[in-house]
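What follows is the residue order along each chain.
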Amino acid sequence: QVQLVESGGGLVQAGGSLRLSCAASGRTFSMYAMGWFRQAPGKEREFVAAIRPSGGSTYYADSVEGRFTISRDNSKNTVYLQMNSLKPEDTAVYYCAILRRITDWGSAEERDFGSWGQGTQVTVSS
């Protein structure tokens, strides 16, 4: 069982940048595709980005395409989310998770991901 811990959230002005980290325990991290989701107050959790186990392929939600970049360092058991050109609507709690089955690669469905971390708050002021 992989356990995930997110960090790097905070308060930033619109147009600014943040880099989130998700540290994983366990020796199987490099076997899993990883994803980032976010949940704004009063809204459902939504998909943000995902990356293959090797890091060689990624996909993004339309709302963050071109502004956010997901990456990973398997030697550090860590996945990152670089967020640039932040907007107030990016304000949310951000979570990382494992894609349960690689055959679901391309999914943006919360039910296809698991081992959720506790989340890290990102607040973007206007």
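Here is a short report on the structure shown in this document. What you see is a predicted model, and the numbers here were worked out from it, not measured in a lab.

**Observations concerning the state of the cysteines**
Scanning the model with the defined rule gives one disulfide in all. What pairs with cysteine 22 in a disulfide is cysteine 96, and their sulfur atoms sit 1.9 Å apart. As the torsion about the S-S bond is roughly 60°, the cysteine 22-cysteine 96 disulfide counts as right-handed. Note that cysteine 22 is positioned in strand E3 (residues 18-24) and cysteine 96 in strand E9 (residues 92-99), a separation of 74 residues in sequence. The same class applies to cysteine 22 and to cysteine 96, which are both buried.

**So, the pairing of strand E1 (residues 4-7)**
Burial along E1 is one-sided: Leu4 and Glu6 are buried, and none of Val5 and Ser7, which face the opposite way, are. Sheet topology places E1 next to E3; four bridges connect them, and they run antiparallel. Each bridged residue has a counterpart across the sheet, and for serine 7 the counterpart in E3 is serine 21.

**Topic: the sheet that holds strand E7 (residues 68-73)**
Ordered in space as E1-E3-E8-E7, the four strands form an open sheet in which the pairing is antiparallel. Every interior strand has two partners, whereas the edge strands, E1 and E7, have only one. This sheet shows a mean twist of 15° between the axes of neighbouring strands, independent of strand direction. Where E3 and strand E8 (residues 78-83) come together, six bridges link them in antiparallel fashion. By the bridge assignment, leucine 20 is partnered in E8 with leucine 81.

**Details of the packing of aromatic side chains**
For the structure on display, the rule yields seven aromatic pairs. Aromatic pair phenylalanine 47 and phenylalanine 113: ring centres 6.4 Å apart, planes at 40°, arrangement tilted. Here the residue phenylalanine 47 occupies a position in strand E5 (residues 46-51), and phenylalanine 113 occupies one in strand E10 (residues 113-114), the gap between them amounting to 66 residues. For phenylalanine 47, a relative accessible area of 9% translates into the label buried. Arranged with centres 6.5 Å apart and planes meeting at 85°, the rings of tyrosine 95 and tryptophan 116 form a pair that is edge-to-face. Remark: tryptophan 116 occurs in the loop between E10 and strand E11 (120-125) and tyrosine 95 occurs in strand E9; sequence separation between them is 21 residues. By relative accessible area, tyrosine 95 is classed as buried at 14%. Joined through ring pairs, the aromatic side chains of Phe37, Phe47, Tyr59, Tyr95, Trp105, Phe113 and Trp116 make up one cluster. Here the guanidinium or amino end of arginine 45 rests over the ring plane of tyrosine 95, the centre of that ring lying 4.6 Å away. One residue, arginine 45, lies across the ring of tryptophan 116, its end atom 3.8 Å from the ring centre.

Thresholds, definitions, all that
- Residues numbered from 1 in each chain as written.
- Predicted model: local features only at pLDDT ≥ 70, side-chain atom pairs only at ≥ 80, totals over all residues.
- Heavy atoms only, no water.
- Disulfide = S-S within 2.5 Å.
- Helix = DSSP H or I, 4+ residues; strand = E, 2+ residues; numbered from the N terminus.
- Buried < 20%, exposed > 50% of the residue type's maximum accessible area, 1.4 Å probe, protein only.
- Pairing = 2+ DSSP bridges.
- Axes fitted to C-alpha atoms, helices over the stretch in contact; angles between N-to-C directions.
- Phe/Tyr/Trp six-rings, centres within 6.5 Å; stacked < 30°, edge-to-face > 60°.
- Lys NZ or Arg CZ within 6 Å of the ring centre and 35° of its normal.

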